[in-house]
Amino acid sequence: MRIEAVIRRIPRGKVSTYGAVARAAGLPRGARLVARVLQRGYGLPWQRVLGAGGEIKLRGDSAIEQRLRLEAEGVRFRGRKVDMKQCEFRFGPSVRKR
DNA sequence: AAGATGACGCCCG
DNA sequence: CCGGGCGCCATCT
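This text gives an overview of the structure that appears in the document. (Residues numbered from 1 in each chain as written. Chains lettered and ligands numbered in written order. Predicted model: local features only at pLDDT ≥ 70, side-chain atom pairs only at ≥ 80, totals over all residues. Heavy atoms only, no water.)

## Concerning the protein's contact with DNA strand B
- For DNA strand B, the set of nearby residues contains 14 residues, the closest of which are Y18, R32, R36, A52 and R59.
- Counting only the atoms of DNA strand B that lie within 4 Å of the protein, the sugar and phosphate share comes to 41%.
- Side-chain polar atom of R36 to a base nitrogen of DNA strand B: 2.5 Å apart, as the coordinates give it.
- The set of elements that each furnish at least two residues to the surface near DNA strand B consists of α2 (18–24) and α3 (31–40).
- When residues in the surface near DNA strand B are grouped by element, the largest group, six residues, is from α3.
- Broken down by class, the residue content of the surface near DNA strand B amounts to seven nonpolar, three polar and four charged. (Near = heavy atom within 4 Å. Polar contact = N/O pair within 3.5 Å; in protein donor to acceptor, adjacent residues only side chain to side chain. Helix = DSSP H or I, 4+ residues; strand = E, 2+ residues; numbered from the N terminus. Nonpolar A, V, L, I, M, F, W, Y, C, P; charged D, E, K, R; others polar.)

## Considerations on the protein's contact with DNA strand C
- The local shell around DNA strand C consists of R29, R32, L33 and R36.
- Sugar and phosphate atoms represent 53% of those atoms of DNA strand C found within 4 Å of the protein.
- R36 has a polar side-chain atom sitting 3.4 Å from a base oxygen of DNA strand C.
- By residue class, the composition of the surface near DNA strand C is one nonpolar, no polar and three charged.

Next up, the structure:
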């Protein structure tokens, strides 16, 4: 599954967004799909995937969990959001092997 | 089959 | 910065 593969590429200490992952996976309109895959939990680094702008889209305890885990990895927060400027991971040129 | 829902994203005011 | 509305997509009622 492309989505899964893409998510696994995000290195520790870095993050990405639902939309970015979707695009990298070749699903320009699949942000919500990415979210579903994560929730289903496959043993993916779910904490490294945020909403556009670096905002945590979870609620309640889960949101706290995520924030804690990210900070533990060294991800810097700017208020409610993650400092994407510095922590966003850029995927390689959609290397669609062809 | 139609409507509602949700870890989304983007545009407007 | 914040809220509201609309488009997207798969799943569940």
